[in-house]
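Notes for the structure review
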Amino acid sequence: MLKVSIIGASGYAGAQLVELVTNHPEMALKRTLVSAQSEDAGKSLSQLHGRLAHLSELELEPVSDGLIELLATTMDVIFLATPHQASHKWVEPLSAGKAKVLDLSGAFRLKDTDIFKHFYGFTHTADTGLAKAVYGLAEWYPEQIQQASVVAVPGCYPTASLFALKPLMEAGLLDEQTRPVINAVSGVSGAGRKAALTTSFQEVSLQAYGVLGHRHTPEIEAYLGAPVIFTPHLGNFKRGILATVTVKTKSGTSSAEVAQAFDDAYQNKPLVRLLQQFPKVDDVALTPFVDVYHKLDEASGYAVIGVAIDNVMKGAASQAIQCANLMAGWPSEKGLLHL
Ligand SMILES: NC(=O)C1=CN([C@@H]2O[C@H](COP(=O)(O)OP(=O)(O)OC[C@H]3O[C@@H](n4cnc5c(N)ncnc54)[C@H](OP(=O)(O)O)[C@@H]3O)[C@@H](O)[C@H]2O)C=CC1
Ligand SMILES: CC(=O)N[C@@H](CCC(=O)OP(=O)(O)O)C(=O)O
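Residues numbered from 1 in each chain as written. Chains lettered and ligands numbered in written order. Predicted model: local features only at pLDDT ≥ 70, side-chain atom pairs only at ≥ 80, totals over all residues. Heavy atoms only, no water.

Under the annotation held in an unreviewed UniProt entry, the protein chain carries the name N-acetyl-gamma-glutamyl-phosphate reductase and is attributed to Salinimonas iocasae. Listed in UniProt under the heading Sequence similarities (unreviewed entry), the comment for the protein chain reads: "Belongs to the NAGSA dehydrogenase family. Type 1 subfamily." What the UniProt record of the protein chain gives under Catalytic activity (unreviewed entry) is the line "N-acetyl-L-glutamate 5-semialdehyde + phosphate + NADP(+) = N-acetyl-L-glutamyl 5-phosphate + NADPH + H(+)". (UniProt positions renumbered as here; feature names shortened; annotations may be inferred.)

Shown next as structure tokens:
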């Protein structure tokens, strides 16, 4: 059994990880942590998350330098489901021992530290951690993830967007002169658990935000290898992301070529479901699946691809488990397919 700890366990992604690790046949959850000043330190996780009421023995411990050092040398796997600054601080000391570290924040996804500073608002100084970090898009970089000691688990919107675009990019079917246009709607859980006016029940109404400036734009561009137009929207539902992606294909591209590109990319990928219709958020909510559909208008050369994922699962926690599975030498879907 792999010994596992989760830092940021009281948040949405962290609590989801607690559930997934607890259900995993080869993982044993040892410790759950929150920040040093957390008002939830000392509470049991089941007090905060009713879904975890059966795990009443798990206590949330405040993080400290001493505990970080201990975890680095005694754990096999450590998940950080913490804000970007906290992950930036803790990834290097946590990866100094034998533990493999999976960070769910955006702190280690962008290799270009100038772009990072522009979009995240602070200077990246964890060079060693950044050099080690492998981007954890599980179905796309399995060999690199398997060798990694630090994984930067992708953001939720980049996961949905890249699953739509990478098959066409890999097949050389995208028109290089026209940027893909990504419109995506996320449920409110994407914003995290802490109270904020913009995410309160009375305030949320379908609306675009972060237009032409969201930090996920450079992340999508870095792992697609082309510029995009990305517009996120906040929807009045709890879980899920629906990304509708419009692309111009190369002149003469046929529907059969587009279908072949998606079949080639996702055959033998049990967590990716190629549908016969555009996907629905409810079909993936609380699951680790990626639902995908595509349609090409051969006359104009424009294609529309729909992708649905659960933002907290495939957009964060279940993708982190997929990466931990790969790092342990197991199939990425271990412990996830039959939840
Ligand atoms: N929600 C989502 O859909 C997705 C989230 N992510 C990323 O995952 C990470 C967690 O997100 P989410 O679960 O939504 O966030 P939440 O705000 O719900 O949870 C954050 C967690 O981190 C803890 N925490 C905060 N500061 C520190 C610190 N300095 N040291 C240790 N623990 C700390 C919080 O507890 P406390 O404050 O009490 O200490 C809490 O447990 C973020 O980086 C987010 O960007 C990525 C993809 C999708
Ligand atoms: C609805 C909502 O607010 N979503 C979050 C994205 C959550 C996510 O993927 O987080 P990280 O990249 O920060 O890890 C946002 O737009 O900031």
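**Overview of the sheet that holds strand E4 (residues 77-80)**
Ordered in space as E3-E2-E1-E4-E5-E7-E6, the 7 strands form an open sheet in which the pairing is parallel. Only two strands of the sheet have a single partner each, and these edge strands are strand E3 (60-62) and strand E6 (133-135). Across the sheet, the mean angle separating the axes of adjacent strands is 25 degrees when strand polarity is ignored. The pairing of E6 with strand E7 (residues 150-152) spans 3 bridges and is parallel. Looking at E7, one finds that Ala133 is bridged to Val150. Sitting on the sheet, helix H1 (residues 12-23) is in contact with strand E1 (2-7), strand E2 (27-34) and E4, with an inclination near 160 degrees to E2. Where helix H11 (residues 313-327) meets the sheet, its contacts fall on E2, E4, strand E5 (100-103) and E7, and the angle it forms with E5 comes to roughly 160 degrees. (Pairing = 2+ DSSP bridges. Helix = DSSP H or I, 4+ residues; strand = E, 2+ residues; numbered from the N terminus. Axes fitted to C-alpha atoms, helices over the stretch in contact; angles between N-to-C directions. Contact = heavy atoms within 4.5 Å.)

**With respect to the site of ligand 1**
For ligand 1, the set of nearby residues contains 28 residues, the closest of which are Ser10, Ser35, Ser38, Thr82 and Lys194. At 2.9 Å, a backbone N or O of Arg193 approaches an oxygen atom of ligand 1. Taking Asn311, its side chain carries an N or O atom lying 3.0 Å from an oxygen atom of ligand 1. Coverage of ligand 1 by the protein amounts to 85% of the 890 Å² it exposes when considered alone. Contributions of two or more residues to the shell around ligand 1 are made by H1, helix H4 (84-94) and H11. At 3 residues, H4 tops the list of elements feeding residues into the shell around ligand 1. For the shell around ligand 1, the domains that each give at least three residues are domain 1 (2-135) and domain 2 (156-311). (Near = heavy atom within 4 Å. Polar contact = N/O pair within 3.5 Å; in protein donor to acceptor, adjacent residues only side chain to side chain. Areas by Shrake-Rupley, 256 points an atom, 1.4 Å probe, with all protein chains shown as cover. Domains from an automatic or database assignment.)

**Side note on the sheet that holds strand E11 (residues 241-248)**
In spatial order, the strands read E9-E10-E8-E11-E14-E13-E12; together these 7 strands make up an open sheet with mixed pairing. At either margin of the open sheet sits one strand with a lone partner, and together these are strand E9 (207-208) and strand E12 (272-274). Sheet analysis places E9 next to strand E10 (residues 229-234), joined by 2 bridges and oriented antiparallel. By the bridge assignment for E10, Gln207 is matched with Leu234.

**Points about unusual backbone geometry**
Positive phi, close to 60 degrees, is recorded for Asn268, a residue that is not glycine. Among the structural elements, Asn268 can be located in the loop between helix H10 (255-266) and E12.

**A closer look at the site of ligand 2**
Every one of the 15 residues lining ligand 2 counts as a neighbour, but Arg109, Cys156, Tyr209, Arg215 and His216 are closest to it. Contacts to ligand 2 include Arg109, whose side-chain N or O atom sits 2.7 Å from an oxygen atom. Protein contacts shield 84% of the accessible area of ligand 2, which totals 430 Å² for the unbound molecule. Two domains each put at least three residues into the shell around ligand 2: domain 1 (2-135) and domain 2 (156-311).

**Details of the environment of Pro227**
Here Pro227 is to be found in the loop between helix H9 (216-224) and E10. Relative accessible area serves as the criterion here: at 39%, Pro227 is assigned to the partly exposed category. Each C-alpha atom of the pair Pro227 and Pro180 lies 7.6 Å from the other, and the pair is 47 residues apart in sequence. (Buried < 20%, exposed > 50% of the residue type's maximum accessible area, 1.4 Å probe, protein only.)

**Observations regarding helix H5 (residues 113-120)**
Measuring from the backbone nitrogen of Asp114 back to the side-chain oxygen at the start of H5 gives 2.9 Å, which picks out Asp112 as the cap. The positive-phi residue at the C-terminal boundary of H5 is Gly121, with phi of around 80 degrees.

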